[in-house]
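Descriptive analysis of the structure
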Amino acid sequence: DTEVTQTPKHLVMGMTNKKSLKCEQHMGHRAMYWYKQKAKKPPELMFVYSYEKLSINESVPSRFSPECPNSSLLNLHLHALQPEDSALYLCASSQEIFQPQHFGDGTRLSIL
Amino acid sequence: GQQLNQSPQSMFIQEGEDVSMNCTSSSIFNTWLWYKQDPGEGPVLLIALYKAGELTSNGRLTAQFGITRKDSFLNISASIPSDVGIYFCAGRTLSGAQKLVFGQGTRLTINP
């Protein structure tokens with residue numbers, strides 16, 4: 001069982017919808033990450049939070065908006081997504097930034 | 001950007017055989033990680049390596065951090081059906097943002 005919990009497991013949304021992905025960890029990790037993964041490809045880094053502050057934004061379009069309400073929670077707010085944004089969105093955490101990361105099982109996102 | 005060359009891309013083996021895969025880079029890394037990803041799940045950390053020449057085992061898995069710091073390999077001995085999945089190497093760079101760079105993955109299929 002993963003110690004990084006992501007909800008929902010699956011999400012289908014239209015291009016005009018607003019939705020949020022949630023990630024939670026209770027390992028006391030101070031760094032949290034969002035990755036995007038397309039089929040048969042490795043994860044691609046989107047955002048990194050360290051001590052609840054955004055440390056890295058990998059030039060992600062503004063239709064993706066991350067939020068870190070506290071050290072255990074990480075959200076990804078979605079608005080006006082495109083069909084090419086359909087992918088598996090993975091959350092990860094690590095003790096400190098860029099130490100070995102532990103991944104959740106992801107949210108499978110489909111954009112209609 | 002930095003890239004990791006992971007090979008082979010796919011392997012088809014018989015149950016009980018040993019497996020070997022590797023990652024190489026033109027850049028030096030200070031950490032090598034090996035992950036396994038099953039369908040519908042997030043990557044699971046198998047082994048983390050921190051020093052050049054380090055050899056670490058986790059059950060039937062053995063991984064080594066290359067002496068040049070530009071490569072790593074993963075061996076699986078006496079493969080079993082649950083070893084099926086995609087294996088990713090990941091390296092942490094020495095300079096700049098020190099992000100994790102992922103290989104393209106090795107897809108392992110086992111014939112019983």
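Reference entry: report on the structure contained in this document. Not measured: the values here are computed from a predicted model.

Observations concerning the overall build of chain A
Within chain A, the regular secondary structure consists of zero helices and eleven strands. Secondary structure elements of chain A occur, N-terminal to C-terminal, as β-β-β-β-β-β-β-β-β-β-β. By the compact-globule yardstick of 13 Å for 112 residues, chain A fits well, its C-alpha radius of gyration being 13 Å. Once the C-alpha set of chain A is aligned to its principal axes, its extents read approximately 35 × 30 × 20 Å.

Overview of the overall build of chain B
Looking only at helices and strands, chain B features zero helices and eleven strands. The helix and strand sequence of chain B, counted from the amino end, reads β-β-β-β-β-β-β-β-β-β-β. In terms of overall size, chain B behaves like a compact globule, its C-alpha atoms giving a radius of gyration of 14 Å where 112 residues would be expected to give roughly 13 Å. Principal axes of the C-alpha set define a box for chain B whose edges measure 45 × 30 × 20 Å. Counting over 112 residues, chain B shows a buried share of 45%. When contacts within chain B are restricted to residue pairs at least 6 apart in sequence, long-range pairs at least 24 apart make up 54% of them. Within chain B, one finds 8 positive and 8 negative side-chain charges whose respective centroids are separated by 14 Å.

Some thoughts on the interface of chain B and chain A
The interface is formed by 20 residues belonging to chain B together with 20 residues belonging to chain A. When the buried surface of chain B facing chain A is broken down by residue, B:P43, B:K99 and B:F102 rank first, second and third, together holding 28% of it. Our count for the contact surface shared by chain B and chain A stands at one salt bridge. On the surface where chain B and chain A come into contact, there are five residue pairs in polar contact (both at pLDDT 80 or more). Elements with a minimum of two residues in the side of chain B that touches chain A: strand 4 (29–37), strand 5 (44–49), strand 9 (85–93) and strand 10 (100–102) of chain B. Residue contributions to the side of chain B that touches chain A peak at three residues, all from strand 4 of chain B. Across the side of chain B that touches chain A, the residue classes break down as ten nonpolar, six polar and four charged.

Some details on empty space enclosed by the protein
By rolling a water-sized probe across the atoms, one finds the places where empty space is left. Applying the stated rule across the entire model yields one cavity of 30 Å³ or more. Around the largest cavity, the lining residues are A:H29, A:R30, A:M32, A:Y49, A:S50, A:Y51, A:E52, A:C68 and A:S71.

Observations regarding the sheet that holds strand 8 (residues 71–76) of chain B
Residues and elements named next belong to chain B. Overall, antiparallel pairing links the five strands, which are arranged 1-3-8-7-6 in an open sheet. A single partner strand is all that each edge strand has here, and the edge strands are strand 1 (5–7) and strand 6 (55–58). Across the sheet, the mean angle separating the axes of adjacent strands is 15° when strand polarity is ignored. As defined by bridge partners, strand 6 adjoins strand 7 (residues 61–65) across four bridges and the pair is classed as antiparallel. Across the sheet, the residue bridging to S57 is T62, located in strand 7.

Some details on the sheet that holds strand 1 (residues 4–7) of chain A
All names here are of chain A. Taken in spatial order, the four strands make up an open sheet running 1-3-8-7, and their pairing is antiparallel. Strand pairing shows two members of the sheet lacking a second neighbour, strand 1 and strand 7 (64–70), which therefore form its edges. Each neighbouring strand pair of the sheet contributes to a mean axis angle of 20°, computed without reference to strand direction. Summarising the sheet, strand 3 (residues 18–25) and strand 8 (residues 73–79) pair through seven bridges and their orientation is antiparallel.

Here is what the cut-offs are and how they apply
Residues numbered from 1 in each chain as written. Chains lettered and ligands numbered in written order. Predicted model: local features only at pLDDT ≥ 70, side-chain atom pairs only at ≥ 80, totals over all residues. Heavy atoms only, no water. Helix = DSSP H or I, 4+ residues; strand = E, 2+ residues; numbered from the N terminus. Rg over C-alpha atoms; globule rule 2.2 N^0.38 Å. Buried < 20%, exposed > 50% of the residue type's maximum accessible area, 1.4 Å probe, protein only. Contact = heavy atoms within 4.5 Å. Lys, Arg positive; Asp, Glu negative; His and termini not counted. Charge placed at Lys NZ, Arg CZ, Asp CG, Glu CD. Buried area = accessible area lost by both parts, 1.4 Å probe. Salt bridge = Lys/Arg side-chain N within 4 Å of Asp/Glu carboxyl O. Polar contact = N/O pair within 3.5 Å; in protein donor to acceptor, adjacent residues only side chain to side chain. Nonpolar A, V, L, I, M, F, W, Y, C, P; charged D, E, K, R; others polar. 1 Å grid on protein atoms, 1.4 Å probe; cavity = no way out; pocket = protein on both sides within 12 Å on 5 of 7 lines; lining within 4 Å. Points joined across faces, edges and corners; volume = space filled by probe spheres on them. Pairing = 2+ DSSP bridges. Axes fitted to C-alpha atoms, helices over the stretch in contact; angles between N-to-C directions.

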